[in-house]
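Residues per chain, in single letters:
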Amino acid sequence: MTPRVRPDLARLADMLGRPPLTRFAPSPTGYMHLGHVVNALYVWGLARALGGRVRLRMEDHDRTRCRPVFDTAILDDLAWLGFEADEGHAPVDRQSDAGRAYADALARLAATSTVYRCRCSRRDIGGHRYDGRCRALALPDAAGLSTRVVLGPGEERALDGLLGPLVQTPDAQCGDLLVRDRHAQWTYQFAVTVDDLRQHITLVVRGADLASSTGRQVRLARLLGRGTAPVFVHHPLLAGPHGKKLSKRLGDAGIAELREAGYTPARVIGLAAAEVGLQPEPQPLAARDVARLFTDP
Ligand code: GLU
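Quick notes on the rules
- Residues numbered from 1 in each chain as written.
- Predicted model: local features only at pLDDT ≥ 70, side-chain atom pairs only at ≥ 80, totals over all residues.
- Heavy atoms only, no water.
- Core = buried A, V, L, I, M, F, W, Y, C linked by side-chain atoms within 4.5 Å.
- Buried < 20%, exposed > 50% of the residue type's maximum accessible area, 1.4 Å probe, protein only.
- Helix = DSSP H or I, 4+ residues; strand = E, 2+ residues; numbered from the N terminus.
- Contact = heavy atoms within 4.5 Å.
- Axes fitted to C-alpha atoms, helices over the stretch in contact; angles between N-to-C directions.
- Parallel < 35°, antiparallel > 145°, perpendicular 65-115°, else oblique.
- Left-handed = near helix turned anticlockwise from the far one by under 90°.
- Nonpolar A, V, L, I, M, F, W, Y, C, P; charged D, E, K, R; others polar.
- Phe/Tyr/Trp six-rings, centres within 6.5 Å; stacked < 30°, edge-to-face > 60°.
- 1 Å grid on protein atoms, 1.4 Å probe; cavity = no way out; pocket = protein on both sides within 12 Å on 5 of 7 lines; lining within 4 Å.
- Points joined across faces, edges and corners; volume = space filled by probe spheres on them.
- Pairing = 2+ DSSP bridges.
- Right-handed = clockwise from strand over helix to strand, strands pointing away.
- Polar contact = N/O pair within 3.5 Å; in protein donor to acceptor, adjacent residues only side chain to side chain.
- Near = heavy atom within 4 Å.
- Areas by Shrake-Rupley, 256 points an atom, 1.4 Å probe, with all protein chains shown as cover.

It is worth spelling out the nonpolar core at this point. If you look at the biggest cluster of nonpolar residues, it comprises 46 residues, and the most contacted ones within it are V37, L41, Y42, W44 and F83. Tallying contributions element by element places helix α2 (residues 34-49) first for this core, with 10 residues. The residues touching W44, leaving out its near neighbours within four places in the chain, are F24, V54, L78, F83, E84, A85 and V290.

In the contact formed by helix α7 (residues 188-198) and helix α8 (residues 214-223), the axes pass within 9 Å of each other and the chain directions differ by 55 degrees. For the element pair α7 / α8, the angle class is oblique. Along this stretch, α7 crosses α8, giving a crossing that reads as right-handed. Facing α7, whose interface residues are Y188, Q189, F190, V192 and T193, α8 presents R216, Q217, L220 and A221. Class assignment for the residues of the contact of α7 with α8 results in five nonpolar, three polar and one charged.

Tallied over the entire structure, the rule returns six aromatic pairs. Consider the rings of Y42 and F294, whose centres lie 5.4 Å apart with planes at 55 degrees: the pair is tilted. Placement of the pair is Y42 in helix α2 and F294 in helix α12 (residues 292-295), with a sequence separation of 252 residues. Among the residues examined, Y42 registers a relative accessible area of 0% and is labelled buried. Arranged with centres 5.5 Å apart and planes meeting at 25 degrees, the rings of W186 and F190 form a pair that is stacked. We note that W186, like F190, is buried. Taken together, the ring pairs connect F24, W44 and F83 into an aromatic cluster.

Counted as a void, the second largest pocket has a volume near 210 Å³. At the level of secondary structure, the elements contributing two or more residues to the lining of the second largest pocket comprise α1 (9-16) and β5 (156-160). Here the element with the most residues in the lining of the second largest pocket is β5; it accounts for three residues. The residue makeup of the lining of the second largest pocket, split by class, is eight nonpolar, two polar and three charged.

Relative to strand β2 (residues 53-56), strand β1 (residues 21-24) runs parallel, the two being bridged by four bridges. Paired with R23 across the bridge in β2 is R55. Handedness of the crossover joining β1 and β2 through α2 is recorded here as right-handed.

Below, the discussion takes up the side chain of R117. Within the fold, R117 resides in strand β3 (residues 115-118). A polar contact is formed between the side chain of R117 and the side chain of T147, at a distance of 2.7 Å. When neighbours within four sequence positions are excluded, R117 is seen to be in contact with C134, L139, P140, D141, L145, S146, T147 and R180.

What follows covers the site of the ligand. Around the ligand, a shell composed of R23, A25, P26, S27, E59, Y188, V192, R206 and L210 is seen. Contacts to the ligand include A25, whose backbone N or O atom sits 2.7 Å from a nitrogen atom. Measuring from an oxygen atom of the ligand, one finds a side-chain N or O atom of Y188 at 2.8 Å. In the complex, 77% of the free accessible area of the ligand, which totals 300 Å², lies under the protein chains. In terms of residue class, the shell around the ligand is made up of five nonpolar, one polar and three charged.

In short, the description is geometric, and any link to function would need to be established separately.
What follows is the structure, given as structure tokens:
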């Protein structure tokens, strides 16, 4: 097993110092597929292997893309697979219910950092680093304007159980960070950082596509008063033979379709584990046994 797929458990335990609280944080913008199963088996596998706990968090901060039907289907598939959260499932913890916490966090941030209104659209910025052009305008808090925070210069460092030490310069990457958009929606970066802080998450296990967000989240958490950053594990994503996401290759590999095709939960989990390289063959594996993928010699 290559170290890029399976973290060294003893080193990870050392980085953490105590059993972790991690989270499974799906966005209900689509049905659950094998990529989510890979994330779930890393989340539950590492939590259980380290004697830790899992919190469920439905990341539905984006009202335009999230649908109740996906939310329900994800919870149903998760239960069918046998992944049970220790926290945040009864009632289900949803970002859409946490507006108050985000507003309070923004007020705290504004008391100690530079927060300002911005009138630039995504199109104005064109996917580049935001150059802070609205900072000096002192625009009022009005409808149709977004809100940004000045991150400030300097590096952020974080420990990653698979990627090694992460060193990022968030201000150079993204400029002043968007915390609330023009439609008054909290952004992913802000909501996830506030939640990881207020829920005392100590281990963040997610796909490698989110690794570049780490520095800005660590910085934002620091500005919000977090002393110690969480430990991270950014795991590989499923890729087909041509680097395509496996979800496409297996006809979007919706868990619902696999269920209908007669797969058992253990077969789905075993398949996901094999596809990501955590076991050599797709032998069935029950959700309660996924820690084995990380503890077996
Ligand atoms: N909700 C995000 C997703 O489904 C994950 C966020 C995170 O783990 O930081 O991609």
